[in-house]
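A closer look at the structure
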2 protein chains.
Amino acid sequence: MSPRTPITYKDAGVDIAAKSQAILRLKDRVADTLGNSAGPFGHFGGTWRMQGPANQILVASADGVGTKLRLAFVMGGDAHAGMGRDIVNHCVNDILALGATPLFFLDYFATGRLDGDVVEHVVGGIADACKANGMALLGGETAEMPDMYADGEYDLAGFIVGSVTEDRIVDGSKIEPGDVVIGIPSDGLHTNGFSLARKVYDLTGDAEHDLPILSTPLANSEDTIGEALVRGHRSYLPVVMPLLDRGLVRGMAHITGGGLTDNLPRTLPNNVVAVLDPTSWATLPIFDDLVERALLSNAERYHALNMGIGFVLVVQSADADTVLSEIDGAVVIGSIATRISVDEPAVQGLAD
Amino acid sequence: MSPRTPITYKDAGVDIAAKSQAILRLKDRVADTLGNSAGPFGHFGGTWRMQGPANQILVASADGVGTKLRLAFVMGGDAHAGMGRDIVNHCVNDILALGATPLFFLDYFATGRLDGDVVEHVVGGIADACKANGMALLGGETAEMPDMYADGEYDLAGFIVGSVTEDRIVDGSKIEPGDVVIGIPSDGLHTNGFSLARKVYDLTGDAEHDLPILSTPLANSEDTIGEALVRGHRSYLPVVMPLLDRGLVRGMAHITGGGLTDNLPRTLPNNVVAVLDPTSWATLPIFDDLVERALLSNAERYHALNMGIGFVLVVQSADADTVLSEIDGAVVIGSIATRISVDEPAVQGLAD
């Protein structure tokens, strides 16, 4: 791993003086995420001192932002910082789905020609989101590959490690028929469905062509289409962790690529199914607009998009009211039933 | 994180039946890396049960393969598996430089259009190298972004987590004047200097143009230029860990981007310098050829290339003979001296 020092920027062969300012500003923001457990920045690896009991379970995940990046290429400015916040929150939610508390994060930023301002926006957004989730930004790799990436374009991946003790891990194994499925709202597409959305709105990646489309008002909304599409990926850590502290959750699903259809089954035991009622929650204008423009069938929309539900909890029916009362906008979206045969789909009610 | 299940491949919109075969073969090889500490594959995150005492220090690193990938795009076949092995070994060496033993690895593979065979080669190579280093391949993300990557091209990043106990961490702080600097040979460029090498050999990325160049015999070698360039990144874990077990090492450096010039200082305290003698070790024909063709000054060659030294150990002079006798090809390449002023370069003897 290359430390984020002038080395990286020197290799970019661009104005070192201008860069140095960006680096200094970044280093402060990165250092600001490092708690007592994190070691010095810039060695061959980032170091993290484990706290608490032995035999803890580490939970790790890797993910990318995907084609949502192309919106930032066109919109620029804070949209770049948004990509940084998105990848952090996406990763936080993934390990939260197993009950893990985030410990540290590393990023991989690859671009054609290093632009100091863009790096500062993106890595700054990552640092801010790490701090907001109580996690250290332990390091990252900044790669410059002119032959691979077009000027002004970059790819962004994130790696997270969290921990959970054996007695607190939530893997869905305790889920049983009669349990209640609770949905927590998303703020938009989060980081999935953008290949579809870009087709639907005819976004080509050419700023001159795309910006007028992105600045068009979205139906039944105060947002423009661009504002609604680029809206950030929410971290569910602050609302879900207090419930986990009290053992109120039996299973969780982070609704990402594959939607409710593919993600909810990941926490369900083989002997149950989740029967959902898609009329039980309000979607968002951006989803309504996408569904209407692309004439998406139920099967398609709940597979390609989160359709307004970003995170799902499965709880005992006796705990449902408590959970609902504590999470803003949470609604019952279905229930758990016995699975008659393995041929039965694990998630039901979303087909046409 | 998306589990490596048909979901990923289904989204690729290509022949599922053909893919399924690749997935099954891949899953076996991945499962083969999972020891008792690793949890089931395919949940929202990969799980790892910590062993041993509490308060261990985790060491994490993120890295990419860089433009060496473009050789695999042209050469194909096992060269793809080589990219997988390279990123694993690169990451293993990075955390080894702090004394850490690898625990688990995750990868990020991003491409334009998912090719099942290429994914099997790359991820298979990753799985094999993880197993060889006694580490679990805990998960990864496979992203398909047609607008970002050209057909047949991909980017590859790796993320590693290892552990070390406080008493065994090696951060160079004990290094003092009189200590000996020992170099361990590299097998080639490893994963750095390829932008330079591709310029020198006029490699454009077009197979028809590049293959004749890559199949040209390398001077003073039985390799072709292609064979020498694509040669794998060595893991130094098997030769170095036995020395760490006996406390024989005071500082380590993994010689990657920035060469000896930039990497050796990362383990040196501020009050010492390393005085190297570049005539003390034999380079490899590929480095001689690059230096001759590009007329690289000393300053340039030791910054852009590892020049035949892939990993460096700093040891007490009394331990030097023991260390030299146990590592095949290891040589004394310099010594540690007092730093008179902070203006003094931390590494000396490599300038012209």
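Everything numeric in this text was worked out from a predicted model, so none of it was measured.

Brief notes about the pairing of strand β4 (residues 136–144) of chain B
All names here are of chain B. The buried count for β4 comes to eight of nine residues, which makes it a mostly enclosed element. Bridge count between strand β3 (residues 101–111) and β4: eight bridges; the pairing is parallel. Paired with T111 across the strands is E144, a residue of β4.

Section: the relation of the copies chain B and chain A
Put simply, the two copies of the chain differ by a rotation about an axis and a shift along that axis. The operation relating chain B to chain A is a screw motion whose rotation component is 180°, with 0.0 Å of axial translation and a residual RMSD of 0.0 Å. In short, the pair behaves as if placed about a two-fold rotation axis. Minimal C-alpha separation from the rotation axis in chain B is found for A54 of chain B, amounting to 2.0 Å. Counting the interface residues of chain B, we find that 97% of their copies in chain A are interface residues as well, pointing to one common contact surface.

Some points on empty space enclosed by the protein
The tally for this structure, following the rule as stated, stands at seven cavities of 30 Å³ or more. Considered as a void within the structure, the largest cavity measures approximately 50 Å³ in volume. Considering the residues around the largest cavity, the lining is formed by M50, G52, P53, A54, N55 and Q56 of chain A together with M50, P53, A54, N55 and Q56 of chain B. Among the residues making up the lining of the largest cavity, the classes are represented as six nonpolar, five polar and no charged.

Remarks on the domain arrangement of chain A
The extent of an interface is frequently quoted as the accessible surface area lost upon association of the parts. Residue and element names in this part refer to chain A. Split into domains, chain A comes out as domain 1 (1–6 + 170–352) and domain 2 (34–169). Summarising the inter-unit geometry, the C-alpha centres of domain 1 and domain 2 are found 22 Å apart. Taken together, the contacts link 37 residues of domain 1 with 39 residues of domain 2. Scanning the region where domain 1 abuts domain 2 turns up one salt bridge. Of the charged contacts in the structure, one is a salt bridge between R168 and D245, with a shortest N-O distance of 2.9 Å. Of all the elements in the fold, those that place two or more residues in the side of domain 1 that touches domain 2 are α6 (194–200), α7 (207–214), α8 (225–230), α9 (237–245) and β7 (251–254). Among the elements that take part in the side of domain 1 that touches domain 2, α9 stands out by supplying five residues, more than any other. Residue classes in the side of domain 1 that touches domain 2 are distributed as 17 nonpolar, 12 polar and eight charged.

Some thoughts on the packing of aromatic side chains
Applying the stated rule across the entire model yields 12 aromatic pairs over all chains. Considering the side-chain rings of Y149 of chain A and Y149 of chain B, the 5.4 Å spacing of their centres and the 70° angle between planes classify their relative orientation as edge-to-face. Highlighted residues: Y149 of chain A in the loop between β4 (136–144) and β5 (154–164) and Y149 of chain B in the loop between β4 and β5 (154–164), drawn from two different chains. According to the relative accessible area criterion, Y149 of chain A is buried, its value standing at 2%. Ring geometry for W281 of chain A and Y302 of chain A: centres 6.1 Å apart, planes at 75°, overall edge-to-face. Here the residue W281 of chain A occupies a position in the loop between β8 (272–276) and α11 (285–294), and Y302 of chain A occupies one in helix α12 (residues 298–304), the gap between them amounting to 21 residues. Just as W281 of chain A is buried, Y302 of chain A falls in that class too. The rings of F73, F109 and Y154 of chain A are connected pair by pair, giving a single aromatic cluster. The lysine or arginine in question, R266 of chain A, covers the ring of F44 of chain B, its NZ or CZ lying 4.1 Å from the ring centre.

Analysis parameters
Residues numbered from 1 in each chain as written. Chains lettered and ligands numbered in written order. Predicted model: local features only at pLDDT ≥ 70, side-chain atom pairs only at ≥ 80, totals over all residues. Heavy atoms only, no water. Buried < 20%, exposed > 50% of the residue type's maximum accessible area, 1.4 Å probe, protein only. Helix = DSSP H or I, 4+ residues; strand = E, 2+ residues; numbered from the N terminus. Pairing = 2+ DSSP bridges. Least-squares fit on C-alpha atoms with pLDDT ≥ 70 in both. Contact = heavy atoms within 4.5 Å. 1 Å grid on protein atoms, 1.4 Å probe; cavity = no way out; pocket = protein on both sides within 12 Å on 5 of 7 lines; lining within 4 Å. Points joined across faces, edges and corners; volume = space filled by probe spheres on them. Nonpolar A, V, L, I, M, F, W, Y, C, P; charged D, E, K, R; others polar. Domains from an automatic or database assignment. Salt bridge = Lys/Arg side-chain N within 4 Å of Asp/Glu carboxyl O. Phe/Tyr/Trp six-rings, centres within 6.5 Å; stacked < 30°, edge-to-face > 60°. Lys NZ or Arg CZ within 6 Å of the ring centre and 35° of its normal.

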